Amino acid sequence: MGNTALSENLVDRHAIGITPANDDDSGYESLVKTSPQQEHHLDVLIHGAHCAACIQSIEGAVMRQPGVLQARLNFSARRLSITWQGPTDLARNFVRSLREAGYGIQPYTPSTERAALAKEERFLLLCLGVAGFAMGNIMLLSFALWTTSQETMGLATRDFFHWISALIALPTILFSGRPFFRSAVQALSYGRTNMDVPISVGVVLACGMSLFETLNHGEHAYFDSAVMLLFFLLVGRTLDFRARQNARSAATDLLSTLTGFATIIDNGHIRRVAIQSITPGTRIRVAAGEKFPVDGRISDGHTDIDTSLITGESLPRAHKPGDLVYAGTINMGAPVQVTALQTAENTLLADIVRLMEKAGQSQALYVRLADRAAQLYTPVVHTLAALAFVFWWSVMGMAWQPALMIASTVLIITCPCALALAVPVAQVLAIGEMMKKGLLVKTGDALERLAQIDTVLMDKTGTLTLGKPQMITPSESIEPKLLQLGASLASHSTHPLSRALCEFYQGPLLPLEDVCESSGQGLSANYDGKLLQLGSRAWCGDSNAPAHSALEIWIRFSDQTPCALHFEDMLRPDAASTIAALKKKKLRVVLLTGDRRSTAEAMAACAGLQEVHADMTPAQKYHFLENLRAQGRKILMVGDGLNDAPVLAAADVSIAPGTALDVAQNAADIVFMGTHLQSVDQAHTTACITQKLVKENFALSIIYNILAIPLAIAGYVTPLLAALAMSGSSLLVIANSFRIRWIR
Amino acid sequence: MSVLLFMIPLALLLGLVGLAAFIWSLKSGQYEDLEGAANRILLDDEARSDKDNAV
């Protein structure tokens, strides 16, 4: 082979690496919407935006293009909206420049579920705003009523103030009370009761009685209490909604990785088609760097395939014609032709999606602490109010109106303001605290579930370990020149072992000629006119050398003796201490891995783990978890791969490292940033503290009720007392929740 | 007490103005990206202002 042929090969490979991305970008044009004013609009999802600088560089990358009118990134939703004038195919340029700026792009398909959530949050905020306005204005009048005696004020003025209060309060209750009324009616129609039932009854009764009192020139009207109640409850509801909003929607996100385009060969013609239209038997061309669109069999070509998505294995494996390939795995080596065996809906990846959907359903069965409290609370409070009415009316011989008034003050004063705030305030504050420590908590009740676990399942690769091989051969044992040559050659490859070698070697690199990659074997090049090779033992190593348990690559230069370099996926530095800390909390820690038994056991021994289950497929992992759950175990799963995703979704609660695949991150309840496994222990500790605070909050609001109920039943509760008690108990609960910042 | 006839409507009116402003900000999507808004404080807006004005 001549030199020119080799270098052409390199250029060719390089070109292949870039083309598929551009081809794919043409698909975005079909998503462009055009307004009657000839303005085009495109929404895309951005991955990898973390900070203010990201916002600027993302918007900047698009704004610099000609014709762009607006580019705005919604940071929370990771959605970039672009508006521009001119040709629609500019979309391709936008996507390319965003990719060049280093961000991942995906087509944005508005999910109806997410739109509904956004609408719901807006609705709650609107109700909260209206209730806040009404509360402020009624309080203004109420202060006059509370502080002035009837003699100074006069009957007419008092009635006037009551009427204005009613005028503000009644429409507000009708408007802002809807979230509670709706859910109460829904619960009752299923024959159940929830927290919203006593709330609705209390608010409606308070308003009704106050209106009646106002009509009869009565002394007390509770419009202020009713609206204040609604305001505090809405604060709790909105916080709660915030804390729960990012519930995991892993399965749908995973399916979106299966959308896109593939190159097929149809009667000798090459076409780009949507992945969904591929049928079994279709011949597909997969370029280097591209994902395999469906499960299939290689019909032509040799290549290395990165199967980490399915197996969690970090090293690409060599594949030859006749070998099976799976959708979602990435072709790392040379272009190949594949015959499709399945449609896109029947791939292994789609099976995993189905497992995850199943897992999501079992998740929904969890009953939150607040809801369990409500189930107890409702009957107790309503019975008390009814008893108070019966007592005053039949036993004490009071007229029915004042007796009903007393019964409704019981309902008002016991109305679960503090109870409704007890959980969300503590959780929202805890989530904020954890965010500062690099822990992203997606839903508030994840903390509740995390505090209850008794078993921890750990994945090995990428969770217990760093997920990428590190060189373990000491540099003293290699000849420096050989190491330098090896690293120079390795810098031409994206193979994980080559990258590890480059990371290990910090010195200057040498210029090489005619670099060439032989798929599944290694790299070769010319240096000083002599052959330099870096690759497998069979290709350029010493086949008689003793075997080593670690991964190896060999360097051979000219006719010198070849030298072996060994690599291992290292444990995270704090893996052992984290596991010790978890065990100290009496948690059962289990290692689950798809890797070989020998490697898994060696690794577990280093980390101080006794229970190891190796050679597990995604389905086996899932069934292992189901078995544990059937035994009544509460499980935390820590994992990072697609093979872990169903287990992450099915576990009672799950944590993924920030280096995990998007799918795994989406499936997990908590994501930790940085390399410290210690975060898992930290998350558990914070969750336990939060749970303790929540219970204290419950205790506080129950103590408050125990004090307030006798007063209400005795008929001593005035509107002023109700307002003080309600805001007092709510503030107490909020203040207690803030202790999360000091407790260690 | 005649001052009440003047002050109470005025108080209510001010409250309503506040409420209207809140509803406007909600409808115009200002609460949709609180995280992003918090980050945007840190951005220099000179670079983008001329284009924004052009819109």
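Note that this is a predicted model, so its numbers are computed, not measured. The residue numbering used here restarts from 1 in each chain and proceeds along that chain's sequence as written. Going through the entries in the order they are written, you letter the chains from A and number the ligands from 1. Residue-level local features of this predicted model are given only where pLDDT is at least 70; pairs of side-chain atoms are given and counted only at 80 or more, and the full residue set underlies all totals for whole chains, interfaces and linings.

Some thoughts on the overall build of chain A
Okay, so step 1: Counting from the N terminus, the helices are DSSP H or I runs at least four residues long and the strands are E runs at least two residues long. Along chain A, the regular secondary structure elements total 27 helices and 27 strands.
Okay, so step 2: Comment: burial labels come from other C-beta atoms within 10 Å of the residue's own C-beta, placed from the backbone, where a count of 20 or more is buried, 12 or fewer is exposed, and between is partly exposed. In chain A, which comprises 744 residues, the share counted as buried stands at 44%.
Okay, so step 3: Once C-beta atoms are placed from the backbone, any two residues with those atoms within 7 Å are in contact. Intrachain contacts of chain A at a sequence separation of at least 6 include 68% that bridge at least 24 residues.

Considering the overall build of chain B
Okay, so step 1: Helix and strand counts for chain B stand at three helices and zero strands.
Okay, so step 2: Tracing chain B from N to C terminus, the helices and strands come up as α-α-α.
Okay, so step 3: For chain B, buried positions account for 2% of its 55 residues.

A look at the domain arrangement of chain A
Okay, so step 1: Those domain boundaries reflect an automatic or database domain assignment. One can read the domain layout of chain A as domain 1 (20-108), domain 2 (259-346), domain 3 (438-467 + 572-690) and domain 4 (468-570).
Okay, so step 2: Between the C-alpha centres of domain 1 of chain A and domain 3 of chain A there is a distance of 36 Å.

Notes on the packing of helix α26 (residues 678-714) of chain A against helix α27 (residues 719-737) of chain A
All names here are of chain A.
Okay, so step 1: Each axis is a line fitted through C-alpha atoms, and for a helix only the stretch in contact is used; angles between axes span 0 to 180 degrees, taken between their N-to-C directions. For the pair α26 and α27, interaxial distance at closest approach is 9 Å and the crossing angle is 160°. As summarised for this structure, α26 and α27 are arranged roughly antiparallel, according to the angle between their axes. The way α26 lies across α27 gives a crossing that is right-handed. Across from L693, E696, N697, L700, S701, Y704 and A708 in α26, the residues of α27 making contact are A725, S729, L732, V733, N736 and S737.
Okay, so step 2: When residues are sorted by character, Ala, Val, Leu, Ile, Met, Phe, Trp, Tyr, Cys and Pro go into the nonpolar class, Asp, Glu, Lys and Arg into the charged class, and all the rest, Gly among them, into the polar class. Tallied by class, the residues present in the contact of α26 with α27 amount to seven nonpolar, five polar and one charged. Just so you know how the angles are binned, under 35 degrees is roughly parallel, over 145 roughly antiparallel, 65 to 115 roughly perpendicular, and the rest oblique. By convention the crossing between two helices is left-handed if the near helix lies anticlockwise of the far one by an angle smaller than a right angle, and right-handed if it lies clockwise.

Remarks on the sheet that holds strand β16 (residues 455-459) of chain A
Residues and elements named next belong to chain A.
Okay, so step 1: Each pair of strands is called paired provided DSSP finds at least two bridges between the two strands. Taken together, seven strands build an open sheet; the order of strands is β15-β27-β26-β25-β16-β23-β24 and the sheet is mixed. Here the strands that pair on one side only, and so sit at the sheet edges, are β15 (439-441) and β24 (611-613). For this sheet, the mean angle separating the axes of adjacent strands, direction not counted, is 20°.
Okay, so step 2: Pairing of β16 with strand β23 (residues 588-592) involves five bridges; the strand directions are parallel. By the bridge assignment for β23, M458 is matched with L591.

Focus on the nonpolar core
Residue and element names in this part refer to chain A.
Okay, so step 1: Connectivity within a nonpolar core runs through C-beta atoms within 7 Å, and the core itself is a set of buried Ala, Val, Leu, Ile, Met, Phe, Trp, Tyr and Cys residues. Counting 159 residues, the largest nonpolar core has A226, V227 and L229 as the members making the most contacts within it.
Okay, so step 2: Split by domain, this core shows at least three residues from each of two domains, domain 2 (259-346) and domain 3 (438-467 + 572-690).
Okay, so step 3: In this structure, A226 is in contact with A169, I173, V203, A206 and C207, ignoring residues within four places of it in sequence.
Okay, so step 4: Of all hydrophobic cores here, the second largest spans 22 residues; its members include L489, A490, L497 and A525.

Regarding the sheet that holds strand β10 (residues 303-306) of chain A
All names here are of chain A.
Okay, so step 1: A sheet is described by the order of its strands in space; here three strands give the open sequence β11-β10-β13, paired in antiparallel fashion. Two strands lie at the open edges of the sheet, namely β11 (317-319) and β13 (330-331), each paired on one side alone.
Okay, so step 2: Where β10 lies against β11, three bridges are found, and the strand directions are antiparallel. Paired with I305 across the two strands is R317, which belongs to β11.

Thoughts on helix α19 (residues 496-504) of chain A
Okay, so step 1: For α19(A), the set of buried residues is A:P496, A:L497, A:S498, A:A500 and A:L501.
Okay, so step 2: In this structure, the buried residues of α19(A) make contact with β17 (465-471), α18 (480-490), β21 (551-557) and β22 (563-571) of chain A.

Section: the environment of A:Y222
Residue and element names in this part refer to chain A.
Okay, so step 1: Tracing the backbone shows Y222 in the loop between α8 (196-215) and α9 (223-244).
Okay, so step 2: Spatially, the C-alpha atoms of Y222 and G438 are 46 Å apart, while their sequence positions differ by 216 residues.
Okay, so step 3: Sequence-distant contacts of Y222, defined by excluding residues within four places in its chain, comprise A206, M209, S210, I412, P719 and A722.

Some details on the pairing of strand β14 (residues 336-340) of chain A
Regular strands have side chains that alternate between both faces of the sheet.
All names here are of chain A.
Okay, so step 1: Burial of the side chains of β14 is restricted to one face: V336, V338 and A340 are buried, whereas none of Q337 and T339 on the reverse face is.
Okay, so step 2: Relative to β14, strand β8 (residues 283-286) runs antiparallel, the two being bridged by four bridges. Looking across to β14, one finds that V286 is bridged to V336.

Section: the interface of chain A and chain B
Okay, so step 1: The interface is formed by 23 residues belonging to chain A together with 23 residues belonging to chain B.
Okay, so step 2: Secondary-structure elements contributing two or more residues to the side of chain A that touches chain B are α2 (52-63), β3 (68-74), α4 (112-147) and α6 (155-176) of chain A.
Okay, so step 3: Ranked by residue count, the leading element in the side of chain A that touches chain B is α4(A), at ten residues.

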